[in-house]
Amino acid sequence: MAILKKTYFLPLLMAMAMGMTSCYSEFDPKIDSTPVLCMNSTITPGEPVTLFLTRTWSWTEGYEQDLDLNVRDAEVLLIVNGEYKETLKQTVIHNPDYPYDPYPEKRECYQSEYHPKSGDVIRLEATSAQYGEATADVEVPYPVPIDRIEVRDIHCKTYGDISGFPAVRDRCEFALDFNVLAYFTDPNGPSNYYELKSGTSGYRNYDGEAEAEFIDYPWIDYSGEPLLTEHVSELDSTIADTSGYTIFSDRQINGRTYPLRIGFRQSVFLYQNPLNLPGPKETGITVVLRHLDSTYYKHVMSVWEGNDGIVGALGGIGLASAVYPYSNVSTRAGVVVAFAEASLTIPVLDVIALAEEGNFK
């Protein structure tokens, strides 16, 4: 039977929801809910273990952002490969995502002196006199390198005087649109999980005439990579939001070399470098491949299913079981994950050099 198109399926789903659900009112069911420890940590090779330790809370207490949920009386043990390594110390760190996320600029945490390595099996054990115990285990993955990057389908337009490029005095602008194939080789053996990301390595210098600027790109197009929608069923694709997730597994490419497809749209490179300084030559677009532990993958997939998948949508109106985020913490509150990162940068001057000569008009 053919799958209904999204435009027809949505009204049908709304009609079903209205017919099978009823009005509601807020009430306190008086269910006994004892707060427990909540552990959140993202572990990477070469960086200290940073654990955000809080407690769970009930909606009857108020809004989360208005509550102080930090747990300060805990003892947190770090176990590495089955052996006690140290007791984490309480500290305060700067929030690198502030003010773009709901957490404050300074965040309380527990932090280690030990810097984990790839292959380490990490166990965190937290004990609080008030909230009890919580544990979590995770293995730190090895980085999977990007073998090479191929640039294709380059379209380039220029604005400003580019005579003498790259040693130009007046600022010129390059509008770039291109695709890349980022090749990597999936290791043989057990299942592997990945996250695809992109970024820029820019350069700025405002020393009089020696000014140089860097590239900016407002839109990265991942729609051409089929692995990024491997978790989406035919039914999901008719009504669910399938964009915005760049997590995938190796179940279709196990042990093979595979080209990840990424499009860079409406990229802009602002350039002024009369003294031909070396900085702009290092400016580029970076493709990042994160090798994830299985918990990271399961957690993100559960969040997608709960927020954007068909099962989560039906669960939200009482027509299916609710979908909860996956957790590897013993209290089922929070998640402790790990990843190892590899990257490769495409120099933007190389992209411009590869553009067809006819586009420089």
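Criteria and thresholds
Residues numbered from 1 in each chain as written. Predicted model: local features only at pLDDT ≥ 70, side-chain atom pairs only at ≥ 80, totals over all residues. Heavy atoms only, no water. Helix = DSSP H or I, 4+ residues; strand = E, 2+ residues; numbered from the N terminus. Contact = heavy atoms within 4.5 Å. Areas by Shrake-Rupley, 256 points an atom, 1.4 Å probe, with all protein chains shown as cover. Buried < 20%, exposed > 50% of the residue type's maximum accessible area, 1.4 Å probe, protein only. Pairing = 2+ DSSP bridges. Axes fitted to C-alpha atoms, helices over the stretch in contact; angles between N-to-C directions. Salt bridge = Lys/Arg side-chain N within 4 Å of Asp/Glu carboxyl O. Expected span 1.5 Å × (residues − 1). Polar contact = N/O pair within 3.5 Å; in protein donor to acceptor, adjacent residues only side chain to side chain. Core = buried A, V, L, I, M, F, W, Y, C linked by side-chain atoms within 4.5 Å. Phe/Tyr/Trp six-rings, centres within 6.5 Å; stacked < 30°, edge-to-face > 60°. Lys NZ or Arg CZ within 6 Å of the ring centre and 35° of its normal.

Participant: Before we move on, can you summarise the overall build of the chain with the specific residues and values?
Facilitator: Helix and strand content of the chain: 6 helices and 17 strands. When contacts within the chain are restricted to residue pairs at least 6 apart in sequence, long-range pairs at least 24 apart make up 73% of them. Counting only carbon and sulfur atoms, one obtains 52% of the accessible surface of the chain, whose full area is about 20000 Å².

Participant: Any details on the environment of Val138? Residues and values, ideally.
Facilitator: Looking at the element boundaries, Val138 is found in strand 8 (residues 132-139). When its relative accessible area of 5% is taken as the criterion, Val138 is described as buried. Along the sequence, Val138 and Asn328 sit 190 residues apart, while their C-alpha atoms lie 8.4 Å from each other. Apart from residues no more than four positions distant in its own chain, Val138 is found in contact with Ile43, Asp120, Val121, Ile122, Asp293, Val336, Val337 and Ala338.

Participant: Before we move on, can you summarise the sheet that holds strand 8 with the specific residues and values?
Facilitator: Taken together, 4 strands build an open sheet; the order of strands is 4-3-7-8 and the sheet is antiparallel. The strands lining the two open edges of the sheet, one partner per strand, are strand 4 (83-87) and strand 8. Neighbour-to-neighbour, the strand axes of the sheet open up by a mean angle of 20°, direction not taken into account. Inspection of the sheet shows strand 3 (residues 75-80) paired to strand 7 (residues 121-128) by 6 bridges, in the antiparallel sense.

Participant: Any details on the pairing of strand 17 (residues 334-347)? Residues and values, ideally.
Facilitator: Looking at chain direction, strand 1 (residues 37-43) and strand 17 are connected through 5 bridges and run parallel. Following the sheet pairing, Ser41 is matched in strand 17 by Val336. In the sheet, strand 16 (residues 284-292) pairs with strand 17 via 9 bridges, with the strands oriented antiparallel. Looking across to strand 17, one finds that Val288 is bridged to Ser343.

Participant: Summarise the pattern of salt bridges; cite the residues concerned and give the values.
Facilitator: Here the structure, examined in full by the defined rule, presents 14 salt bridges. Asp221 is the partner of Arg265 in a salt bridge, and the nearest nitrogen-oxygen pair spans 3.6 Å. Of this pair, Arg265 sits in strand 15 (residues 257-271) while Asp221 sits in strand 13 (residues 219-221), and the two are 44 residues apart along the sequence. Accessibility assignment for this pair places Arg265 and Asp221 in one class, buried. Ionic pairing is found between Glu341 and Arg290, a salt bridge with its closest N-O pair at 2.9 Å. Here Glu341, found in strand 17, pairs with Arg290, found in strand 16; they are 51 residues apart in sequence, far enough to count as distant.

Participant: Outline helix 4 (residues 294-307), supporting the account with residue identities and numerical values.
Facilitator: Owing to its 3.6 residues per turn, the α-helix brings residues three or four apart onto one side. Along its 14 residues, helix 4 runs 20 Å from first to last C-alpha, staying within 8% of the 20 Å computed at 1.5 Å per residue. Restricting attention to buried positions, one finds in helix 4 the residues Thr295, Tyr296, Tyr297, Val300, Met301, Ser302 and Trp304. A distance of 2.9 Å separates the backbone nitrogen of Thr295 from a side-chain oxygen at the start of helix 4, and that oxygen is part of Asp293.

Participant: So, the side chain of Thr44: which residues are in play, and what are the values?
Facilitator: The topology assignment puts Thr44 in the loop between strand 1 and strand 2 (50-55). Residue classification places Thr44 among the buried residues on the basis of a relative accessible area of 17%. The contact partners of Thr44, leaving out residues within four places of it in the chain, are Pro116 and Phe339.

Participant: Kindly report on the environment of Val329, identifying the contributing residues and their values.
Facilitator: Position of Val329 relative to the elements: it lies in the loop between helix 5 (310-316) and strand 17. For Val329 and Glu125, which are 204 residues apart along the polypeptide, the C-alpha to C-alpha distance reads 9.9 Å.

Participant: Could you give me a rundown of the nonpolar core, with the residues and numbers involved?
Facilitator: Phe184, Phe248 and Leu260 are the most contacted members of the largest nonpolar core, which totals 35 residues. Broken down by secondary-structure element, the contributors of at least two residues to this core are strand 9 (146-159), strand 10 (172-185), strand 11 (193-201), strand 15, strand 16 and helix 6 (348-354). When residues in this core are grouped by element, the largest group, 7 residues, is from strand 10. By size, the runner-up hydrophobic cluster in this structure holds 25 residues, among which are Leu37, Ile43, Val49 and Val329.

Participant: Would you mind going over the packing of aromatic side chains in detail, with residue names and values included?
Facilitator: For the structure on display, the rule yields 6 aromatic pairs. A ring pair is formed by Phe184 and Tyr194, whose centres lie 5.1 Å apart and whose planes are at 65°; its orientation type is edge-to-face. In this pair, Phe184 is assigned in strand 10 and Tyr194 in strand 11, connecting sequence segments 10 residues apart. Tyr194 carries the same exposure label as Phe184, and that label is buried. In this structure an aromatic cluster arises from ring pairing among Phe184, Tyr194 and Phe248. The positively charged end of Arg290 is found above the aromatic ring belonging to Phe339, 4.0 Å away from the centroid.

Participant: Account for the side chain of Thr331, with residues named and values stated.
Facilitator: Residue placement: Thr331 occurs in the loop between helix 5 and strand 17. In terms of polar contacts, Thr331 uses its side chain to reach the backbone carbonyl oxygen of Leu37, at 2.7 Å. Discounting chain neighbours no more than four positions away, the residues touching Thr331 are Val36, Leu37, Glu133 and Ala134.

Participant: Explain the environment of Thr229 residue by residue, including any values.
Facilitator: Note on placement: Thr229 falls in the loop between strand 13 and helix 2 (234-239). With a relative accessible area of 36%, Thr229 lands in the partly exposed category. When the C-alpha atoms of Thr229 and Tyr245 are compared, they prove to be 8.1 Å apart, with 16 residues separating the residues in sequence.

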